[in-house]
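Residue strings, one per chain:
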Amino acid sequence: PLGTLAANVMGSIVSISAIAAELRLGTAGGMEEGFWSIGTLRAVKIGFAGCLSTVSTFVSEVTTLMKKPHQYRGYRYILISLGSCCLLGVAIYGWIVYVI
């Protein structure tokens, strides 16, 4: 589960960074530079971050962890995974959009 958690967190970081950078470039860049920059960011977001996030492995591991008698492990893994991705996503998006 730790490898899947690390891959999903990294995928979330890459994806939210690309989303925030796309927002910044879309409002500040010129037409020609903005087109290629936004296209590259979308490719990174969909391709690279999509390959990093492993939904099928996450579901498989949660199903395995939900076996009785220790079902709480599955719920704890879900909470840690989704919570860490959400918290890091909000922090990174806020930093890129509002601070930089």
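Thresholds, definitions, all that
Residues numbered from 1 in each chain as written. Predicted model: local features only at pLDDT ≥ 70, side-chain atom pairs only at ≥ 80, totals over all residues. Heavy atoms only, no water. Helix = DSSP H or I, 4+ residues; strand = E, 2+ residues; numbered from the N terminus. Disulfide = S-S within 2.5 Å. Buried < 20%, exposed > 50% of the residue type's maximum accessible area, 1.4 Å probe, protein only. Salt bridge = Lys/Arg side-chain N within 4 Å of Asp/Glu carboxyl O. 1 Å grid on protein atoms, 1.4 Å probe; cavity = no way out; pocket = protein on both sides within 12 Å on 5 of 7 lines; lining within 4 Å. Points joined across faces, edges and corners; volume = space filled by probe spheres on them.

Here we take up the environment of V55. With respect to the helices and strands, V55 occurs in helix α3 (residues 55-65). Taking the C-alpha atoms as reference points, V55 and V14, 41 residues apart in sequence, are found 16 Å from one another.

This brings us to the state of the cysteines. Inspection of every chain in the model, using the stated rule, returns zero disulfides. Unpaired in this structure, C51 has its nearest cysteine sulfur neighbour in C85, at a distance of 16 Å. For C51, a relative accessible area of 65% corresponds to the exposed category. For the unlinked cysteine C85, the closest cysteine sulfur is that of C86, found at 7.0 Å. On the basis of relative accessibility, which here comes to 17%, the residue C85 falls in the buried class.

Further remarks concern the pattern of salt bridges. Using the criterion set out here, one finds two salt bridges in the structure. The partner of R42 in a salt bridge is E22, and the shortest N-O contact between them spans 2.8 Å. With R42 in helix α2 (residues 31-52) and E22 in helix α1 (residues 2-28), this residue pair connects regions lying 20 residues apart in the sequence. Judged by its relative accessible area of 14%, E22 falls in the buried class.

With that out of the way, let us pick up the layout of surface pockets. A water-sized probe rolled over the atoms picks out the places where empty space is left. Put simply, the largest pocket is a space of about 160 Å³. N8, G11, S12, S53, T54, V55, F58, S81, L82 and C85 are the residues that line the largest pocket. Of all the secondary-structure elements, those providing two or more residues to the lining of the largest pocket are α1, α3 and α4 (72-99).

Function-wise, these values are silent; they only describe arrangement.
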